[in-house]
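# Reading the structure
Below are the chains, spelled out letter by letter.
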Amino acid sequence: MALEIERRFVVSGDGWRGLAPAVQYRQGYLSVEKERTVRVRVVGEQAWLTLKSNISNVSRHEFEYLIPLADAQTIMAAMCPMVVDKLRHRIEHGGFVWEVDEFFGDNAGLVLAEIELPGEDTPFAKPDWVGEEVTEDGRYTNAYLSKHPYSRW
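The paragraphs below set out a description of the structure included in this document. What you see is a predicted model; the values in this text were computed from it and never measured.

Moving on, we come to the nonpolar core. The biggest cluster of nonpolar side chains holds 16 residues, and the ones touching the most others in it are Val-11, Trp-16, Trp-98, Val-100, Ala-113 and Trp-129. Elements supplying a minimum of two residues to this core: β1 (3-11), β7 (96-103) and β8 (111-116). If we skip the residues at most four places from it in the chain, Trp-129 touches Val-10, Val-11, Ser-12, Gly-15, Trp-16, Leu-19, Ile-91, Trp-98, Val-100 and Ala-113. One finds Tyr-29, Val-32, Met-82 and Val-84 within the second-largest nonpolar core, a separate group that totals eleven residues.

Mapped onto the fold, Glu-92 is located in strand β6 (residues 82-93). Since its relative accessible area comes to 70%, Glu-92 is described here as exposed. Measuring from C-alpha to C-alpha, the distance between Glu-92 and Ala-20 comes to 8.8 Å, with 72 residues separating the pair along the chain.

Applying the stated criterion to the full structure yields 19 salt bridges. Lys-52 serves as the salt-bridge partner of Glu-62, at 3.5 Å between the closest nitrogen and oxygen. Residue Glu-62 is located in strand β5 (residues 59-67), and its partner Lys-52 is located in strand β4 (residues 46-54); the two are separated by ten residues in the primary sequence. For Glu-62, a relative accessible area of 17% gives the class buried. The class for Lys-52 is buried, based on a relative accessible area of 15%. The residue Glu-114 makes a salt bridge to Arg-88 at a minimum N-O spacing of 3.9 Å.

This paragraph deals with helix α1 (residues 69-79). The set of residues buried in α1 consists of Leu-69, Ala-72, Ile-75 and Met-76. Viewed end-on, α1 has its buried residues packed into an arc of 125°, placing them on one side of the element. Residues Thr-74, Ala-77 and Ala-78 are exposed on α1 and point more than 90 degrees away from its buried face. Check the buried side of α1 and you find it contacts β2 (22-32), β3 (36-43), β4, β5 and β6.

To continue, consider the packing of aromatic side chains. Scanning all chains against the criterion turns up six aromatic pairs. A ring pair is formed by Trp-98 and Phe-124, whose centres lie 5.8 Å apart and whose planes are at 65°; its orientation type is edge-to-face. Taken together, the positions of Trp-98 in strand β7 and Phe-124 in the loop between β8 and β9 (130-133) put the pair 26 residues apart, joining distant regions of the chain. Site record: aromatic cluster; members linked through ring pairs are Phe-9, Trp-98, Phe-124 and Trp-129. Geometry around Tyr-25 places Arg-88 over its ring, the cationic atom sitting 4.7 Å from the centre. The ring of Trp-153 has Arg-139 lying over it, and the distance from NZ or CZ to the ring centre is 4.6 Å.

Rules used in this analysis
- Residues numbered from 1 in each chain as written.
- Predicted model: local features only at pLDDT ≥ 70, side-chain atom pairs only at ≥ 80, totals over all residues.
- Heavy atoms only, no water.
- Core = buried A, V, L, I, M, F, W, Y, C linked by side-chain atoms within 4.5 Å.
- Buried < 20%, exposed > 50% of the residue type's maximum accessible area, 1.4 Å probe, protein only.
- Helix = DSSP H or I, 4+ residues; strand = E, 2+ residues; numbered from the N terminus.
- Contact = heavy atoms within 4.5 Å.
- Salt bridge = Lys/Arg side-chain N within 4 Å of Asp/Glu carboxyl O.
- Arc of directions from axis to C-beta.
- Phe/Tyr/Trp six-rings, centres within 6.5 Å; stacked < 30°, edge-to-face > 60°.
- Lys NZ or Arg CZ within 6 Å of the ring centre and 35° of its normal.

In structure tokens:
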């Protein structure tokens, strides 16, 4: 069984810029509920179908499957009215990888940092550009942002 343990923070300042290359992500959502989320993700020439279900505010079951790019593009166009576009920067700090997401479109102006951990109580060092923790605020999940964009808050 796949398990995702993740903490999420608002990024403060630009100290993260230039630390890692950016990769474009496009995510379309088929289901956006706290109990379960189903999305299609396209990164370059690869695509995945991902299913998540909540365990706690920090932990989720996560199942991710590589799918043909053409299938992902068709699914996104035909079945995903809710889409998130972002650039992701993977930055190593303190023995962990921080994923910094810079959002575009209706979520422009929002920059979040996420860290995946081996356990909910695992200690970690925060870089100085990591601000307020928003892990328990569901508005900062990509699924929520697909349906309720940051620009409309």
